[in-house]
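Fold and geometry: a report
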Amino acid sequence: MLERVRQISILVQDLEQAAQSYEKIFGLKVCHRAELKEYGLISAHLPLESSVLELLQPVDSSSSAARYLEKRGEGFYLLGMETGDIAEARRHLETHDVQVTGTVEQPTHTTIWLHPKELNGVFTQLDHVTSGDNPW
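This section reports on the structure supplied with the text.

Calculation criteria
- Residues numbered from 1 in each chain as written.
- Predicted model: local features only at pLDDT ≥ 70, side-chain atom pairs only at ≥ 80, totals over all residues.
- Heavy atoms only, no water.
- Salt bridge = Lys/Arg side-chain N within 4 Å of Asp/Glu carboxyl O.
- Helix = DSSP H or I, 4+ residues; strand = E, 2+ residues; numbered from the N terminus.
- Buried < 20%, exposed > 50% of the residue type's maximum accessible area, 1.4 Å probe, protein only.
- Pairing = 2+ DSSP bridges.
- 1 Å grid on protein atoms, 1.4 Å probe; cavity = no way out; pocket = protein on both sides within 12 Å on 5 of 7 lines; lining within 4 Å.
- Points joined across faces, edges and corners; volume = space filled by probe spheres on them.
- Nonpolar A, V, L, I, M, F, W, Y, C, P; charged D, E, K, R; others polar.
- Axes fitted to C-alpha atoms, helices over the stretch in contact; angles between N-to-C directions.
- Contact = heavy atoms within 4.5 Å.
- Polar contact = N/O pair within 3.5 Å; in protein donor to acceptor, adjacent residues only side chain to side chain.
- Patch = residues over 30% accessible without salt bridge, like charges linked within 9 Å, V, L, I, M, F, W, Y side chains within 5 Å.
- Areas by Shrake-Rupley, 256 points an atom, 1.4 Å probe, with all protein chains shown as cover.

Once that is clear, we can look at the pattern of salt bridges. Under the defined criterion, the tally for this structure stands at 6 salt bridges. The shortest N-O distance in the salt bridge between Asp127 and Arg6 comes to 3.8 Å. Linking Asp127 in strand β8 (residues 123-129) with Arg6 in strand β1 (residues 2-11), this pair joins segments that are 121 residues apart in sequence. Of the two residues, Asp127 and Arg6, neither departs from the other in class, the shared state being buried. Residues Glu23 and Lys29 are paired through a salt bridge, measuring 2.7 Å at the closest nitrogen-oxygen approach. When salt bridges with common partners are traced through the structure, they connect Arg4, Arg6, Glu82 and Asp127 into a single cluster.

Dropping the structure here:
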């Protein structure tokens, strides 16, 4: 059902400082930046061979990510994986009573999110790419 890790997201207090650290320590350079207004976040993507390391900074203090950051501090936030059949993945999750907290359908991809309580506190995202290689 799962084909590969697409992204690992890290929640940070200061996006610029974090991006500089990953560049200095690992030589990773930001390839894409975005403002995710609907989630109260800004992001920077650092490319890896077949996935991306995503740095996320809350910019809305009322967002769920800001509450998460305040409660748990900086660090690992989300694991994003790719699936070849999102409908089959959803059916499989339903048979295991896994709570899907959201779905987004775009022309290039479909994404579903799983509640952290379902997978040992890890916020998990499943993507099915319908065209192109990179929905970012």
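Picking up after the structure, the text goes on.
Bringing the pairing of β8 into the picture now. For β8, the tally of buried residues reaches 7 of 7 residues, placing the bulk of the element in the interior. The alternating pattern of β8 places Phe123, Gln125, Asp127 and Val129 and Thr124, Leu126 and His128 on opposite faces, both of which are buried. With 6 bridges connecting them, strand β7 (residues 109-114) and β8 associate as antiparallel partners. From the neighbouring strand, His109 faces β8, where its bridge partner is Val129.

On to the layout of surface pockets, then. Where empty space is left in the structure can be found by rolling a water-sized probe over the atoms. Each pocket or cavity is described by its volume, and for the largest pocket that value is around 630 Å³. Along the lines of polarity and charge, the residues of the lining of the largest pocket split into 13 nonpolar, 12 polar and 3 charged.

We now examine the sheet that holds strand β3 (residues 41-47). Here 8 strands make up an open sheet; going across it, the order is β2-β3-β4-β1-β5-β8-β7-β6 and the pairing mixed. Both edges of this open sheet fall to β2 (32-36) and β6 (100-105), since each of them pairs with a single strand only. The mean angle between the axes of side-by-side strands here comes to 20°, regardless of whether they run parallel or antiparallel. In this fold helix α1 (residues 15-26) packs onto β1, β2, β3 and β4 (52-58), with an angle of close to 155° to the strand it touches most, β4.

This part is about the environment of Val5. Tracing the sequence through the fold places Val5 in strand β1. Between the C-alpha atom of Val5 and that of Ser50, which follows or precedes it by 45 residues, the distance is 8.0 Å. Apart from the residues lying within four places of it in its own chain, the contact partners of Val5 are Ser50, Ser51, Leu79, Gly80 and Met81.

Another point: the side chain of Thr83. Turning to its location among the elements, Thr83 is positioned in strand β5 (residues 75-83). The buried category is assigned to Thr83, whose relative accessible area is 2%. Separated by 2.7 Å, the side chain of Thr83 and the backbone oxygen of Met1 make a polar contact. Within the structure, the side chain of Thr83 is placed 3.5 Å from the backbone nitrogen of Asp85, a separation counted as a polar contact. In this view, Thr83 contacts Met1, Glu3, Ala89, Asp127 and His128; residues no more than four positions away in its chain are not counted.

Moving on to a nonpolar patch on the surface. The grouping of Val5, Ile8 and Phe76 at the surface amounts to a nonpolar patch, some 220 Å² of accessible area in total. On the basis of relative accessibility, which here comes to 34%, the residue Val5 falls in the partly exposed class.

Everything listed here is a matter of coordinates, which is why it stays silent on function.
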